[in-house]
Amino acid sequence: KAKKSDLFIVFDEFVRECGVQNNWTASTYEKFAAVKNHLTALKKGLTFDFFDESGLTEYITFLRDVKQMRNSTIGKQMGFLKWFLRWSLKKGHTKNNAFQTFKPKIKNTQKKVIYLTWDELTQLREFEIPESKQYLARMRDVFLFQCFTGLRYSDVFNLRRSNVKDSYIEITTIKTA
């Protein structure tokens, strides 16, 4: 087993093992690399013992004040950290389970859904694109297609004729599978 001071060695082991077991995407690996960077920047010589109520509060304060993160992002970062700490506890790398009862009040405002009106969509569709910039016509069509289907650009990019059925589109999205 890793020594108490080997938090980042254990973290790397967690990323390797969970990445394979859960078939992580490149973006999930990037998210955990960001968590590691935040923890490294937070304090030198971090150990598992740091993550009691005051240490976790210090981490939240660091993310808010130094990294200038929004509450929704801080909530996600805490979720990633707790996932790592739960795994570490289960594997016997730490006995510190203070994180399990740590439930900070992180206020989250509902994201405002913004959409285009029919008039705006029509205006876009009918906009005259100059002859010298005809490549924009295709981009406009792709954008309008996204508006009507609700698909992300990455999913439209990967769309194939075989995905289009009689009355629907069948596709496995990249982000949420």
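Keep in mind it's a predicted model, so treat the numbers as computed, not measured.

What counts as what
- Counting from 1, residues in each chain are numbered in the order their sequence is written.
- Since the coordinates come from a predicted model, pLDDT governs what is reported: local features require at least 70, and pairs of side-chain atoms require 80 or more to be given and counted, while whole-chain, interface and lining totals use all residues.
- Working from all heavy atoms in the structure, the side-chain values ignore hydrogens and water.
- Counting from the N terminus, the helices are the DSSP runs of H or I reaching at least four residues and the strands are the DSSP runs of E reaching at least two.
- Here the globule rule reads 2.2 Å times residues to the power 0.38, and the radius of gyration is calculated from C-alpha atoms.
- When a residue's accessible area, from a 1.4 Å probe over protein chains only, is under 20% of the maximum for its type it is buried; when over 50% it is exposed; and in between it is partly exposed.
- Two residues form a contact once any of their heavy atoms are found within 4.5 Å.
- Only four residue types enter the charge count: Lys and Arg as positive, Asp and Glu as negative, with His and the chain ends excluded.
- By convention, the charge on Lys lies at NZ, on Arg at CZ, on Asp at CG and on Glu at CD.
- For a helix, the expected span equals 1.5 Å multiplied by the number of residues minus one.
- Taking the helix axis as origin, the arc is that swept by the directions to the C-beta atoms.
- Exposure above 30% relative accessible area and the lack of any salt bridge qualify a residue for a patch; like charges then connect within 9 Å, and the nonpolar side chains Val, Leu, Ile, Met, Phe, Trp and Tyr within 5 Å.
- With residues, only the protein chains shown are counted as cover, and all accessible areas are computed by Shrake-Rupley using a 1.4 Å probe.
- For salt bridges, the criterion is a side-chain nitrogen of Lys or Arg within 4 Å of an Asp or Glu carboxyl oxygen.

Let us look at the overall build of the chain. Scanning the chain for helices and strands turns up seven helices and zero strands. Scanning the chain from its N terminus toward the C terminus, one meets helices and strands in the order α-α-α-α-α-α-α. The C-alpha radius of gyration computed for the chain amounts to 23 Å, which surpasses the reference 16 Å derived for 177 residues by more than 25%, pointing to a less compact arrangement than a globule. When its C-alpha atoms are laid out on the principal axes, the chain stretches across 65 × 35 × 30 Å. Relative to its full complement of 177 residues, the chain shows a buried share of 31%. In the chain, 51% of the contacts between residues at least 6 apart in sequence involve partners at least 24 apart. Across the chain, the centroid of the 31 positively charged side chains sits 7 Å from that of the 19 negatively charged ones.

Bringing helix H1 (residues 7-21) into the picture now. If you check H1, its first and last C-alpha atoms are 21 Å apart, about what 15 residues at 1.5 Å a residue would give, namely 21 Å. Within H1 the residues assigned to the buried category are Leu7, Val10, Phe11, Phe14, Val15, Cys18 and Gly19. All buried residues of H1 project into a common sector of 160° when viewed along the axis, lining one side. Of the exposed residues in H1, the ones pointing more than 90 degrees away from its buried face are Ile9, Arg16 and Val20. Close packing links the buried residues of H1 with helix H2 (26-42) and helix H4 (71-90). Once H1 finishes, Asn23 follows within two positions and takes phi at roughly 50°, a positive value.

With that out of the way, let us pick up a nonpolar patch on the surface. A contiguous nonpolar surface patch, about 340 Å² in accessible area, is contributed by Met139, Tyr153 and Phe157. Secondary-structure assignment places Phe157 in helix H7 (residues 153-157). Its relative accessible area of 56% is what places Phe157 among the exposed residues.

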